[in-house]
Amino acid sequence: MTHIKLKDVIKAGIANKMTIDEYYVDIGQLITSDEFNFNHGSDEDYRNRAVNLLMNLKADFQSNSNIIYDLMKRFVKIKCPYCDAWMDVRGGGGNSQMHTLNYVCPEHAQISLSLPSDGFAIVFKHGVRKDKGVN
Ligand SMILES: [Zn+2]
C-alpha cells in the first residue's frame with residue numbers, strides 16, 4: 001500500500017482535502033496518523049503533536065475523531081452564564097462520529113458541547129508557512 005507523505009501534499013499545495021495520484025488525502029487525518037504511526041520517541045501525546053504540527057504549518061484542515069478534543073479544548077471557550085468567568089474543560093468523550101466536552105464553573109454550572117468529529121475546520125488566511133521545514 002502506498003503511503004502519501006506530508007512533503008508530497010505540501011509539494012502539491014496544501015488544501016484541506018485533495019486528491020493526489022488518485023488517493024484522497026485529508027491533511028488533518030494524514031498528520032494525525034503519521035504522528036501515531038511513525039513519530040514515536042516523544043513523551044507528548046500524538047494528538048497534541050498533530051495539532052501543534054498543523055498549527056505550525058498553517059495548513060487548512062478539518063478535525064477528525066482523534067484531534068477534535070484537543071482542538072475544542074484549545075479554541076472553544078465558554079463563559080459561565082452566571083458569573084461570566086471562563087469555564088474549565090472537565091473531560092468529555094465520544095466516538096468516530098461525535099465528541100462531547102464538558103465545561104464547568106465549579107460554583108454555578110456545567111455545560112456540555114457536542115460536535116461531529118469532522119465539525120471543526122480551520123482556514124488560514126495567509127496559507128502555509130513557507131519557513132517551516134517539513135520532512
Ligand atoms: Zn460561574
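Presented here is an overview of the structure given in this document. (Residues numbered from 1 in each chain as written. Predicted model: local features only at pLDDT ≥ 70, side-chain atom pairs only at ≥ 80, totals over all residues. Heavy atoms only, no water.)

### Thoughts on the coordination of the zinc ion
Think of it this way: four donors in a tetrahedron around the metal ideally sit 109.5 degrees apart, and six in an octahedron ideally sit 90 or 180 degrees apart. Test applied: A 2.8 Å cut-off from the metal defines N, O and S donors, relaxed to 3.2 Å for Na, K and Ca; water is not in the atom list, so some sites may appear incomplete. Four donors are marked tetrahedral only if all angles between them lie between 85 and 135 degrees, whereas four are marked square planar and six octahedral if opposite donors are more than 155 degrees apart and the other angles lie between 65 and 115; the remainder are marked irregular. Counting from the N terminus, the helices are DSSP H or I runs at least four residues long and the strands are E runs at least two residues long. Only protein chains enter the accessibility calculation, which uses a 1.4 Å probe. A residue is then buried if its area is under 20% of the maximum for its type, exposed if over 50%, and partly exposed in between.
Listed as protein donors to the zinc ion are Cys80 (SG), Cys83 (SG), Cys105 (SG) and His108 (ND1); their distances from the metal cover 2.1 to 2.4 Å. What the four donor atoms of the zinc ion show is an angle range of 100 to 118 degrees at the metal, which sorts the shape as tetrahedral. Here the donor residues for the zinc ion map to a single chain with the spacing C-x2-C-x21-C-x2-H. Note that Cys80 is positioned in the loop between α4 (68–75) and β4 (88–94) and His108 in the loop between β5 (98–105) and β6 (109–116), a separation of 28 residues in sequence. Looking at Cys80, the relative accessible area reads 1%, which means it is buried.

### Describing α4
Working note: α-helix, 3.6 residues per turn, so residues spaced by three or four point in the same direction. To be explicit about the condition: Two residues form a contact once any of their heavy atoms are found within 4.5 Å.
Ile68, Asp70, Leu71 and Met72 are the residues of α4 that are buried. The elements touched by buried residues of α4 are α3 (46–57), β3 (61–62), β5, β6 and β7 (121–122).

### Here's the deal with the packing of α3 against α4
Keep this limit in mind: Lines fitted to C-alpha atoms define the axes here, with helix axes fitted over just the stretch in contact, and angles between the N-to-C directions of these axes take values from 0 to 180 degrees. Any angle from 65 to 115 degrees is called roughly perpendicular, while one under 35 is roughly parallel, one over 145 is roughly antiparallel, and all others are oblique. Helix crossings fall into two classes, left-handed where the near helix is turned counterclockwise from the far one by less than a right angle and right-handed where it is turned clockwise.
At a minimum axis distance of 9 Å, the contact between α3 and α4 shows a crossing angle of 60 degrees. The angle between α3 and α4 places the two elements in the oblique class. As for how α3 packs across α4, the hand of that crossing is right-handed. Contacts between α3 and α4 pair Arg47, Asn48, Val51, Asn52 and Met55 from the former with Asp70, Leu71, Arg74 and Phe75 from the latter.

### Side note on the pairing of β4
So the rule is basically this: Only strands joined by at least two bridges in the DSSP assignment are considered to pair.
Here β4 runs beside β5; their pairing, made up of five bridges, is antiparallel. In the sheet register, Gly94 faces β5, and the bridge partner there is His99. Hairpin geometry of β4 and β5 is characterised by an intervening segment of three residues between the two adjacent antiparallel strands.

### Some points on the sheet that holds β4
Working definition: the strands of a sheet are paired by backbone hydrogen bonds and lie parallel or antiparallel to each other. Read from one edge of the open sheet, three strands run β4-β5-β6, paired in antiparallel fashion. The sheet is open, and its two borders are formed by β4 and β6, each paired with just one other strand. Geometrically, the sheet is characterised by an average inter-axis angle of 20 degrees between neighbouring strands, direction not taken into account.

### Focus on the packing of aromatic side chains
This is how it is decided: Under the pairing criterion, centres of Phe, Tyr and Trp rings, with the six-membered ring standing for Trp, must be within 6.5 Å; the plane angle then separates stacked pairs below 30 degrees from edge-to-face pairs above 60, leaving the rest tilted.
On inspection of all chains with the given rule, the structure shows two aromatic pairs. Judged by centre distance (4.9 Å) and plane angle (65 degrees), the ring pair of Phe36 and Tyr46 falls under edge-to-face. Residue Phe36 is found in helix α2 (residues 27–37), and its partner Tyr46 is found in helix α3; the two are separated by ten residues along the sequence. The exposure class of Tyr46 is buried, given its relative accessible area of 17%. Considering the side-chain rings of Phe75 and Phe120, the 6.3 Å spacing of their centres and the 40 degrees angle between planes classify their relative orientation as tilted.

### A few points about the pattern of salt bridges
What counts here: The term salt bridge refers to a side-chain nitrogen of Lys or Arg lying within 4 Å of a carboxyl oxygen of Asp or Glu.
Taken as a whole and judged by the stated rule, the model has four salt bridges. For Arg49, the salt bridge is made with Glu35, and the minimal N-O distance between the two is 2.9 Å. With Arg49 in helix α3 and Glu35 in helix α2, this residue pair connects regions lying 14 residues apart in the sequence. When its relative accessible area of 7% is taken as the criterion, Glu35 is described as buried. Here Asp88 makes a salt bridge to Arg90, at a shortest N to O gap of 3.8 Å.

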